[in-house]
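Commentary on secondary and tertiary structure
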Amino acid sequence: QVQLVESGGGLVQAGKSLRLSCAASPPSANIGSMAWHRQAPGKSREYIGSIHTDALTNYDDSVKGRFTISRENAKNTMYLQIHRLKPEDSAVYYCRGLHQHRWVWGQGTQVIVSS
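Let's talk about the state of the cysteines
Counted by the stated rule, this structure contains 1 disulfide. There is a disulfide in this structure between C22 and C95, and the S-S distance comes to 2.1 Å. Judged by the sign of its S-S torsion, about 60°, the cystine formed by C22 and C95 is right-handed. Taken together, the positions of C22 in strand β3 (residues 18–25) and C95 in strand β9 (residues 91–99) put the pair 73 residues apart, joining distant regions of the chain. What makes C22 buried here is its relative accessible area of 0%. Among the residues examined, C95 registers a relative accessible area of 0% and is labelled buried.

Observations regarding the nonpolar core
Ranked by internal contacts, the top residues of the largest apolar core, which has 28 residues, are L20, W36, M78, L80 and Y93. Only β3, β4 (34–39), β5 (46–51), β7 (67–72), β8 (77–82), β9 and β11 (109–114) provide two or more residues apiece to this core. The element contributing the most residues to this core is β3, with 4 residues.

Conventions adopted
Residues numbered from 1 in each chain as written. Predicted model: local features only at pLDDT ≥ 70, side-chain atom pairs only at ≥ 80, totals over all residues. Heavy atoms only, no water. Disulfide = S-S within 2.5 Å. Helix = DSSP H or I, 4+ residues; strand = E, 2+ residues; numbered from the N terminus. Buried < 20%, exposed > 50% of the residue type's maximum accessible area, 1.4 Å probe, protein only. Core = buried A, V, L, I, M, F, W, Y, C linked by side-chain atoms within 4.5 Å.

In structure tokens form, the structure reads like this:
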């Protein structure tokens with residue numbers, strides 16, 4: 001059984017930066033492609049971007065320039081670096097990983113951006 005655990009969320013001021021983490025458990029789990037999504041209150045879950053085992057990334061146009069996805073394969077951990085946070089970035093952020101041809105969702109970490 002594989003689990004993904006997000007961390008790093010919290011309350012932050014607009015204009016600041018924040019780094020979220022998504023760690024696979026157990027750490028030895030073979031995770032392929034990974035992705036970040038977010039869901040704001042009253043809205044559907046939104047795709048942010050993805051990263052593959054070769055570190056190639058893809059981003060939704062709405063976040064290009066402020067969001068950076070990276071990963072450390074040896075630790076089975078993915079990161080989301082967010083710069084110049086805006087109040088509209090407030091959401092629950094979810095990670096997703098491909099394991100044995102099935103996508104596994106994390107439980108999410110909440111980000112609240114204050115004005």
